[in-house]
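# Breakdown of the fold
So you can see what is in the structure, the chains are spelled out below.
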Amino acid sequence: MSAAAQTLDTVTVSYGYQINDNHNLRFTQAKRVHTEVTVGGHASFGGYTSYGADLTATRVYTPAKAFGWRWGGMASMDYANHYGATSDVLAVLGVRFGNKVYLGVDALAGAGQLSYYDHAWSGENTHDYYSSLWRVKAGAQLSLGFKLGEKVSLSIYGRYLHSFNSSDSRTMMLPEGWEASSTEWHSDRLAAGLALTFNINHETRLSGDNCWQAGVYGGYSFLGNEGWVAGAELLHFKRSAARGGAVFGLGSYQVFGTEVSTNTFYGQAGYRVLPKGSNSVMEFEFGVKAGLGEYAKTECGSTENGEFRMSTASYSMGVQAKAYVEMNLHFGRHQIKIAGDFGGHYNFGAAFTGEADYNGTASNGFGSDAMVTVGYAFSF
């Protein structure tokens, strides 16, 4: 196919060449560009310790053997005992020096959750409060990579992120007789970790029949965690028949509730229907999503003699499974997507103890999830 395409009228582009008058049919050249997906695990520090994972997708251009530059996006998630799950969604722009062993320097910018801590007291009574707010973030990442082969690399990386925040953005209403220290903002965070990078697009033909898609979406969740939704996804579509093909990918979204924001990471598998084949302007898709998300958990506790009772709610990790249906409006390499997700989740239970024979339980059980979204996706 590549040899035949060369005999046609072609146009040279940054990643290789494309057939003239058919921008949908494109051919990459290994020495010029490829697409990388990086999966990493890290520990984060700065006021408290958390552990998490990163998913990065970038387009890498290599104008010289020992030099390259890249652009793309990163989704990162952390988990800590007090703060639960927090996430960042960041744009990536960087350079790379070296070949078999390489040094990478990236600039990062985007948004994510800024964790904070409040402490209040009245005599011997104390109250500790842990939460987070959505804020603009920027930072840098340094990585040292080692090629394990043509398609896989191992890297060690360090990352610094700063959250832009006003110290006046939070006020507390205290009961009479209570005092509070200043809010402790964890605006500066460091992370260090290991990652595997996979070259998924090396000397290949790209078209609407075989492509990766990066998308963003927004909407409303009206069951489970209720509130406005913002999310991102990375999908691969492989056409397997004249009027359809399989879809696989990963995604993440956040629900902005009235009192707290919650996060979900998921994997996705589905089937896309092309009613008119390659000429389909309207496409349909259905499938399943499964992953991990934060959900409310009711906590109840009391002392043995009943002198003190407590009931509150917290957010913790649960498992989620949903079916989805989607309608796509397809314009070349661009898609407008309208989707609905329906399913459920399960929250794990727990128990806790304290002084003065104080003990209690945190509820577990099933719940329903449903949301509608509208989004945009770009094929690359």
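Residues numbered from 1 in each chain as written. Predicted model: local features only at pLDDT ≥ 70, side-chain atom pairs only at ≥ 80, totals over all residues. Heavy atoms only, no water.

What follows deals with the overall build of the protein chain. A tally of helices and strands in the protein chain yields one helix and 24 strands. Taking all 380 residues of the protein chain together, 42% fall into the buried category. Counting contacts in the protein chain only where the partners sit at least 6 residues apart, residues at least 24 apart contribute 60% of the total. Just so you have it, the protein chain exposes about 19200 Å², and 61% of that area is on carbon and sulfur atoms. (Helix = DSSP H or I, 4+ residues; strand = E, 2+ residues; numbered from the N terminus. Buried < 20%, exposed > 50% of the residue type's maximum accessible area, 1.4 Å probe, protein only. Contact = heavy atoms within 4.5 Å. Areas by Shrake-Rupley, 256 points an atom, 1.4 Å probe, with all protein chains shown as cover.)

Turning to the nonpolar core, a few remarks are in order. Counting residues in each nonpolar core, the largest one holds six residues, listed as Tyr217, Val229, Tyr253, Val255, Tyr266 and Met371. Excluding residues within four positions of it along the chain, Met371 makes contact with Tyr220, Ser221, Phe222, Val229, Tyr253, Lys322, Ala339, Gly340 and Asp341. (Core = buried A, V, L, I, M, F, W, Y, C linked by side-chain atoms within 4.5 Å.)

Moving on, we come to the side chain of His345. Residue placement: His345 occurs in strand S21 (residues 334-347). Owing to a relative accessible area of 12%, His345 belongs among the buried residues under this scheme. Among the polar contacts made by the side chain of His345, one reaches the side chain of Asp369 at a distance of 2.7 Å. (Polar contact = N/O pair within 3.5 Å; in protein donor to acceptor, adjacent residues only side chain to side chain.)

Under the criterion given, the structure shown has eight aromatic pairs. Here Tyr271 and Phe286 contribute two aromatic rings whose centre-to-centre distance is 6.3 Å and whose plane-to-plane angle is 45°, an arrangement assigned as tilted. Here Tyr271 is found in strand S18 (residues 261-273), whereas its partner Phe286 is found in strand S19 (residues 282-303), with 15 residues between them in sequence. According to the relative accessible area criterion, Tyr271 is partly exposed, its value standing at 31%. Positioned above the aromatic ring of Phe237 is the side chain of Arg272, whose terminal nitrogen or guanidinium carbon lies 4.9 Å from the ring centre. (Phe/Tyr/Trp six-rings, centres within 6.5 Å; stacked < 30°, edge-to-face > 60°. Lys NZ or Arg CZ within 6 Å of the ring centre and 35° of its normal.)

This part covers the pattern of salt bridges. If the charged atoms of two oppositely charged side chains come close together, the side chains can form a pair. Applying the stated criterion across every chain, the model contains nine salt bridges. Across the pair Arg96 and Glu36 runs a salt bridge, and its minimum N-O distance is 3.1 Å. Pair noted here: Arg96 is in strand S7 (residues 84-98) and Glu36 is in strand S4 (residues 33-45), with a separation of 60 residues, a long-range link. In this structure, a network of salt bridges that share partners links the residues Glu233, Glu326 and Lys337. (Salt bridge = Lys/Arg side-chain N within 4 Å of Asp/Glu carboxyl O.)

The topology assignment puts Arg159 in strand S10 (residues 152-163). Each C-alpha atom of the pair Arg159 and Ala140 lies 5.9 Å from the other, and the pair is 19 residues apart in sequence. With residues up to four places along the chain from it excluded, the contact list for Arg159 reads His42, Asp54, Met74, Ser76, Leu108, Ala140, Gln141, Arg189, Leu190 and Ala191. At a separation of 3.2 Å, a polar atom in the side chain of Arg159 contacts the side chain of Asp54. A polar contact is formed between the side chain of Arg159 and the side chain of Gln141, at a distance of 3.0 Å.

Another aspect to go through is the environment of Gly257. Within the element layout of this structure, Gly257 appears in the loop between strand S17 (244-256) and S18. Through-space distance from the C-alpha of Gly257 to that of Glu226 is 5.9 Å; in sequence the pair is 31 residues apart. Sequence-distant contacts of Gly257, defined by excluding residues within four places in its chain, comprise Glu226 and Gly227.

For His34, the location among the structural elements is in strand S4. Considered as a pair, His34 and Ile200 are 166 residues apart in the sequence and their alpha carbons are 7.4 Å apart. Side-chain polar atoms of His34 contact the side chain of Glu36, separated by 2.9 Å.

Position of Ser115 relative to the elements: it lies in strand S8 (residues 101-122). Side-chain polar atoms of Ser115 contact the side chain of Tyr48, separated by 2.9 Å. Beyond its immediate chain neighbours, meaning those up to four positions away, Ser115 contacts Tyr48, Tyr83, Thr86, Ser131, Ser132, Glu184, Trp185 and His186.

What follows is about the confidence of the model for the protein chain. Model confidence for the protein chain is summarised by a mean pLDDT of 82, while 81% of its residues fall at 70 or above. Taking the mean pLDDT of every element in the protein chain, the minimum, 46, falls on helix H1 (residues 2-6) and the maximum, 96, on S10. Taken as a whole, residues 1-6 scores under 50 in pLDDT and shows nine contacts with residues more than four places along the chain or in a different chain. (pLDDT = per-residue confidence, 0-100.)

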